[in-house]
Amino acid sequence: QLASEIDPDHIRYGVIDENYTLFWTTPDGQQVLVPVRDRIRELRDRIFTNAPVMPEVADDPMERVQAEAATIQVLNGTTTAGLAGSTQAYLAGQGLPVTQNDIGNADPQSYTHSKIVVYTDKAFTAEYLAQILGLPSSAVVYEPDSATDYDITVILGTDFTLPEPSE
């Protein structure tokens with residue numbers, strides 16, 4: 001009875017889906033979802049508190065990117081010479097921590113679709129990369145691996161066109 005008297009506009013809800021978990025295969029071949037605790041904590045706080053917990057993504061995404069401090073690698077998955085270098089320069093111009101030491105060629109160099117591989121829990125930075133590179137959110141794939149040198153690898157495919165620098 002009491003629940004029916006609650007104004008629906010005052011009900012908050014959320015879903016823990018692929019935006020809050022990482023896909024992972026255990027050493028014995030089991031496929032599991034690993035929670036991204038910081039993202040789930042944000043969802044919990046958004047649902048169960050009245051005060052804003054963190055600034056919205058639109059407020060200052062670079063602040064969140066800097067807080068994640070992800071290491072980013074850019075690989076050219078095509079035969080177009082210099083694509084990783086020009087993308088690195090574009091990303092550095094956007095304030096992302098990608099240096100000349102963080103670029104190279106993918107093996108093989110026959111990617112038709114670009115992708116952003118996330119190895120750790122730096123999901124916000126990966127989503128932000130997709131946005132500023134003009135890639136669909138489906139380009140972000142999760143492959144947890146704590147043994148890699150980078151948190152995120154951007155692999156450029158033949159579908160990639162470098163965005164025009166923003167003024």
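Counting of residues starts from 1 at the beginning of each chain's written sequence and follows it residue by residue. In keeping with the model being predicted, local features are shown solely for residues with a pLDDT of at least 70 and side-chain atom pairs are shown and tallied solely at 80 or more, while totals for entire chains, interfaces and linings include all residues. As a convention, hydrogens and water are excluded, and side-chain values are obtained from all of the structure's heavy atoms.

Peer 1: Got a sec to walk through the overall build of the protein chain? Specific residues and values, please.
Peer 2: Numbered from the N terminus, helices here are DSSP runs of H or I no shorter than four residues, and strands are runs of E no shorter than two. When helices and strands are tallied, the protein chain shows 4 helices and 7 strands. Counting from the amino terminus, the protein chain carries its helices and strands in the arrangement β-β-α-α-β-α-β-β-α-β-β. Projecting the C-alpha coordinates of the protein chain onto the three principal axes gives extents of approximately 65 × 50 × 25 Å. Each of the 167 residues in the protein chain was classed as buried or not, and the buried ones make up 37%. Note on definitions: a residue-residue contact is assigned when non-hydrogen atoms from the two residues lie within 4.5 Å. Contacts in the protein chain between residues at least 24 apart in sequence constitute 74% of all its contacts with a sequence separation of at least 6. Per element, the accessible surface of the protein chain, about 10400 Å² overall, is 51% carbon and sulfur. Charged-residue counts in this description rest on Lys and Arg as positive and Asp and Glu as negative, His and the chain ends being excluded. Working definition for charges: the position is that of NZ of Lys, CZ of Arg, CG of Asp or CD of Glu. The distance from the centre of the 9 positive side-chain charges to the centre of the 25 negative ones in the protein chain is 7 Å. Burial classes follow relative accessibility: with a 1.4 Å probe on protein chains only, a residue under 20% of its type's maximum area counts as buried, one over 50% as exposed, and anything between as partly exposed. Computed with the Shrake-Rupley method and a 1.4 Å probe, the accessible areas treat only the protein chains shown as cover for residues.

Peer 1: Got a sec to walk through the pairing of strand 5 (residues 115–118)? Specific residues and values, please.
Peer 2: Every regular strand shows the same layout, with side chains that alternate between the two sheet faces. Note on pairing: DSSP must find at least two bridges between two strands before they are called paired. Pairing of strand 5 with strand 7 (residues 152–156) involves 4 bridges; the strand directions are antiparallel. Paired with Val118 across the bridge in strand 7 is Ile152. Judged from the 3 bridges that link them, strand 5 and strand 6 (residues 140–142) form a sheet pairing that is parallel. Among the inter-strand pairings, Val117 is bridged to a residue of strand 6, identified as Val141.

Peer 1: So what's going on with the sheet that holds strand 7? Residues and values would help.
Peer 2: The pairing of strands in a sheet happens through backbone hydrogen bonds and is either parallel or antiparallel. Spatially, 4-3-7-5-6 is the arrangement adopted by the 5 strands of the open sheet, whose pairing is mixed. Sheet topology places strand 4 (103–105) and strand 6 at the edges, where each strand pairs with a single neighbour. The average undirected angle you get between the axes of adjacent strands in this sheet is 25 degrees. Comment: axis = line fitted to C-alpha atoms, over the contacting stretch for helices; angle = value between 0 and 180 degrees taken between N-to-C directions.

Peer 1: Tell me about the pairing of strand 2 (residues 31–35), residues and numbers included.
Peer 2: As defined by bridge partners, strand 1 (residues 21–25) adjoins strand 2 across 5 bridges and the pair is classed as antiparallel. Across the sheet, residue Thr21 finds its bridge partner in strand 2, namely Pro35. Linking strand 1 to strand 2, which pair antiparallel, is a turn of 5 residues; within it Gly29 sits at a positive phi near 90 degrees.

Peer 1: Can you break down the packing of aromatic side chains residue by residue, with the values?
Peer 2: When two rings of Phe, Tyr or Trp (its six-membered ring) have centres within 6.5 Å they constitute a pair, described as stacked for plane angles under 30 degrees, edge-to-face for angles over 60, and tilted for the intermediate range. Scanning all chains against the criterion turns up 1 aromatic pair. When the ring of Phe124 is compared with that of Tyr128, the centres are 6.5 Å apart and the planes differ by 10 degrees; the resulting orientation is stacked. With a gap of 4 residues between them, Phe124 and Tyr128 both fall in helix 4 (residues 123–133), about one helical turn apart. As far as the burial class goes, Phe124 and Tyr128 line up, both buried.

Peer 1: Report on the packing of helix 3 (residues 83–93) against helix 4, specifying residues and quantitative values.
Peer 2: Where helix 3 meets helix 4, the closest approach of the two axes is 12 Å, and the angle between their N-to-C directions is 110 degrees. With respect to helix 4, the element helix 3 is oriented roughly perpendicular. The residues of helix 4 that touch helix 3, namely those facing Thr87, Tyr90 and Leu91, are Leu129, Ile132 and Leu133. Here the residues of the contact of helix 3 with helix 4 are counted per class, giving 5 nonpolar, 1 polar and no charged. Orientation categories follow fixed angle ranges, with anything under 35 degrees roughly parallel, anything over 145 roughly antiparallel, 65 to 115 roughly perpendicular, and all other angles oblique. Gly counts as polar in this scheme, as do all residues outside two lists: the nonpolar Ala, Val, Leu, Ile, Met, Phe, Trp, Tyr, Cys and Pro, and the charged Asp, Glu, Lys and Arg.

Peer 1: Please provide a residue-by-residue account of the nonpolar core, values included.
Peer 2: Only buried residues count toward a nonpolar core, which is a set of Ala, Val, Leu, Ile, Met, Phe, Trp, Tyr and Cys residues joined through side-chain atoms within 4.5 Å. Counting residues in each nonpolar core, the largest one holds 31 residues, and the members touching the most others are Leu91, Leu96, Ile116, Leu129 and Val154. For this core, the secondary-structure elements that each account for two or more residues are helix 2 (61–68), strand 3 (72–76), helix 3, strand 5, helix 4, strand 6 and strand 7. Per-element tally for this core: the top contributor is helix 4, with 8 residues. Those residues in contact with Leu91 that lie beyond four places of it in its chain are Val74, Leu96, Val98, Leu129, Ile132 and Leu133. Among the nonpolar cores identified, the runner-up in size contains 5 residues, and Leu75, Ala106, Val117 and Ile155 belong to it.

Treat this as a map of the structure, not an account of what it does.
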